[in-house]
Amino acid sequence: MMSAGVITAARVTHGSGSVDELAAASPDSQQDAVTDLVSVDGIEEAYVLSTCNRVEAYVVGTDAAVGRAALAELFSGIDDEALVRTDHDESLRHLLRVAAGLESVVLGEDQIIGQVRTAYEDARVAGGIGSMLESAVTKAIHVGERARTETAINEGVVSLGSAATRLAATTVSLDGATALVVGAGEMGQLAARSLADADIDELVIANRTVSHADHLVTELGDRTGAETRAVPLESLGTIATQADVIVTATGSDEPLLERRHLAGDRDAITPTDAGRVVVDLGQPRDVAPATDTLETITVYDLDDLQTVTEETHVKRADAAREVETMIDREFDLLCDQYKRARADEVIGAMYESAARIKERELKTAISQLGDDSLTPAQREVIESMADALVNQLLAPPTRSLREAAAEDDWSTINTALQLFDPDFGDEEVPSLFENARSEERSAVQFEATDDD
């Protein structure tokens with residue numbers, strides 16, 4: 001059954017908050033955050049999307065105030081200036097934009113649609129997906145797929161990993177360089193592939209689980225002439241001092257790279273005079289802030305990627321406009337879908353209530369006529385007449401309810417839902433025939449009194 005609630009949402013993103021504010025807003029897991037939200041009284045559904053660039057939560061509540069209160073608790077401690085709150089329509093439109101890549105640091109990047117899917121599965125497992133968010137999230141995934149297959153929104157630099165390589169290249173020459181990628185997860189893999197396509201001499205993958213890094217090394221060996229190898233995180237103290245370019249992309253709660261990992265005499269093995277560069281894609285930070293004080297080290301974080309992605313935004317401006325038009329159309333279709341579902345819910349309740357009354361009155365009428373004396377054909381005539389009466393009586397209100405939904409007349413919709421709630425028929429309502437017989441008895445008694 002379609003929920004009668006409304007969607008509200010709140011978010012902290014790369015556009016509204018700093019890296020540290022994003023880290024503070026990040027839940028332990030998307031699934032746990034959804035579990036917490038749906039445990040709040042009045043919250044019927046919940047969906048949480050947490051990535052290195054955004055933490056977003058969507059809830060379906062009995063009203064907007066309930067939703068806002070639940071979200072305020074989830075984002076407690078976050079500066080108001082970093083937190084963006086949206087109502088029903090704006091929340092839906094924003095979710096479509098996110099899946100399409102219009103809200104990403106790298107416009108049109110491909111990773112976000114997979115992250116939207118993963119968040120959907122986490123929310124579903126946690127019991128947060130009902131009819132409203134089912135429609136919203138699946139619509140967002142559909143829009144994201146259309147945007148990437150029907151437009152050029154994802155041509156060129158398509159990930160933070162490739163953006164990190166581009167940013168590093170603005171500071172040091174990658175020709176003949178030694179590159180180190182810390183983390184073999186999705187973002188680390190993207191960074192490693194991007195670096196492998198550059199003209200580097202050596203690529204080292206450091207990961208907590210070395211076997212995962214070995215798989216990536218095997219894959220990269222087929223696409224690069226650079227020497228590639230995997231090492232454990234415990235080797236960072238040695239490997240980091242040898243690297244010209246370092247890209248970190250882990251989910252560690254604490255910084256993995258300290259100042260001591262990067263300090264040392266590199267003059268003999270640095271291929272350029274430009275020093276070394278570290279690009280920190282971690283959320284929270286993988287690189288301790290103190291490393292930025294080293295004179296020969298340039299440290300970039302997620303905030304700095306804005307500069308390298310501006311060029312991508314310009315190149316994809318036309319495609320972005322196409323996607324905006326697509327989103328406008330899909331948003332209207334989603335709203336129409338909600339309207340039809342809400343109207344159908346009320347209409348279904350109305351017919352269910354009428355069917356209960358019809359069955360009760362049929363039983364009473366047939367009993368009065370003599371159940372055993374009626375032939376099957378006669379019973380069929382009586383039942384057909386009852387069906388016809390119900391259908392003809394409900395046809396006008398059915399049309400009116402569908403028109404009310406199309407015109408956003410939710411007052412009429414909600415009033416009708418209250419009148420025809422399925423539980424309405426459980427009340428002790430006298431039979432129509434019993435009412436008629438009662439009126440006949442009253443009339444006889446009244447006439448008898450007059451005769452006296």
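Below, the structure is looked at part by part. Worth saying up front: this structure is predicted, and the values here are computed from it rather than measured.

Describing the overall build of the protein
Thinking step 1. The helix and strand tally for the protein stands at 16 helices and 10 strands.
Thinking step 2. A burial count over the protein gives 48% of its 452 residues as buried.
Thinking step 3. Looking at the protein alone, contacts between residues at least 24 apart form 76% of all its contacts between residues at least 6 apart.
Thinking step 4. Accessible area of the protein: about 22000 Å², with a carbon and sulfur share of 49%.

Looking at the sheet that holds strand β2 (residues 43-50)
Thinking step 1. Ordered by their spatial adjacency, 4 strands build an open sheet running β2-β3-β1-β4, and the pairing between neighbours is antiparallel. In the strand order of this sheet, the two ends are held by β2 and β4 (84-86), each with one partner. Ignoring strand direction, the axes of neighbouring strands in this sheet form an average angle of 15°.
Thinking step 2. Pairing of β2 with strand β3 (residues 54-61), which is carried by 7 bridges, proceeds in the antiparallel orientation. Residue alanine 46 lies in a different strand from β3, and its bridge partner there is valine 59.
Thinking step 3. Packing against the sheet, helix α3 (residues 64-74) makes contact with β1 (6-13), β2 and β3, and its axis sits at approximately 25° to β1.

Notes on helix α4 (residues 88-100)
Thinking step 1. An ideal rise of 1.5 Å per residue puts 18 Å on 13 residues; α4 measures up with 19 Å between its terminal C-alpha atoms.
Thinking step 2. Listing the buried residues of α4 in full gives Ser91, Leu92, His94, Leu95, Leu96, Arg97, Val98, Ala99 and Ala100.
Thinking step 3. Glycine 101 sits one or two residues past α4 and shows a positive phi near 90°.

Topic: the sheet that holds strand β6 (residues 202-207)
Thinking step 1. Reading across the sheet, the 6 strands line up as β7-β6-β5-β8-β9-β10 and stay open at both edges, with parallel pairing between neighbours. Looking along the sheet, the strands with just one partner apiece sit at the ends: β7 (227-232) and β10 (297-300). For this sheet, the mean angle separating the axes of adjacent strands, direction not counted, is 15°.
Thinking step 2. Here strand β9 (residues 276-280) pairs with β10 via 4 bridges, running parallel. The residue bridging valine 277 from the neighbouring strand is threonine 298, located in β10.
Thinking step 3. Where helix α8 (residues 186-196) meets the sheet, it contacts β5 (178-182), β6 and β8 (245-248), and its direction lies at approximately 170° from that of β5.
Thinking step 4. On top of the sheet, helix α9 (residues 210-221) reaches β6 and β7; it is set at about 175° to β7, its chief contact.

Some words on the packing of aromatic side chains
Thinking step 1. Summed over the entire model, instances satisfying the criterion amount to 1 aromatic pair.
Thinking step 2. With 6.0 Å between their ring centres and 50° between their planes, tyrosine 47 and tyrosine 58 make a pair best called tilted. Of this pair, tyrosine 47 sits in strand β2 while tyrosine 58 is found in strand β3, placing the two residues 11 residues apart along the sequence.
Thinking step 3. Sitting over the ring of phenylalanine 331, arginine 93 keeps its end group 4.2 Å from the ring centre.

Here we look at a nonpolar patch on the surface
Thinking step 1. A grouping of Met385, Leu389 and Leu393 is seen on the molecular surface, where their side chains present a nonpolar patch of about 340 Å² in accessible area.
Thinking step 2. As for its placement among the helices and strands, leucine 393 is situated in helix α14 (residues 376-406).

Details of unusual backbone geometry
Thinking step 1. For the peptide bond that leads from glutamine 283 to proline 284, omega is 5°, which places it in the cis range.
Thinking step 2. Looking at where proline 284 falls in the secondary structure, it is placed in the loop between β9 and β10.

Scoring rules and cut-offs
- Residues numbered from 1 in each chain as written.
- Predicted model: local features only at pLDDT ≥ 70, side-chain atom pairs only at ≥ 80, totals over all residues.
- Heavy atoms only, no water.
- Helix = DSSP H or I, 4+ residues; strand = E, 2+ residues; numbered from the N terminus.
- Buried < 20%, exposed > 50% of the residue type's maximum accessible area, 1.4 Å probe, protein only.
- Contact = heavy atoms within 4.5 Å.
- Areas by Shrake-Rupley, 256 points an atom, 1.4 Å probe, with all protein chains shown as cover.
- Pairing = 2+ DSSP bridges.
- Axes fitted to C-alpha atoms, helices over the stretch in contact; angles between N-to-C directions.
- Expected span 1.5 Å × (residues − 1).
- Phe/Tyr/Trp six-rings, centres within 6.5 Å; stacked < 30°, edge-to-face > 60°.
- Lys NZ or Arg CZ within 6 Å of the ring centre and 35° of its normal.
- Patch = residues over 30% accessible without salt bridge, like charges linked within 9 Å, V, L, I, M, F, W, Y side chains within 5 Å.
- Salt bridge = Lys/Arg side-chain N within 4 Å of Asp/Glu carboxyl O.

So, to be careful, I would describe these as geometric facts and stop short of saying anything about function.
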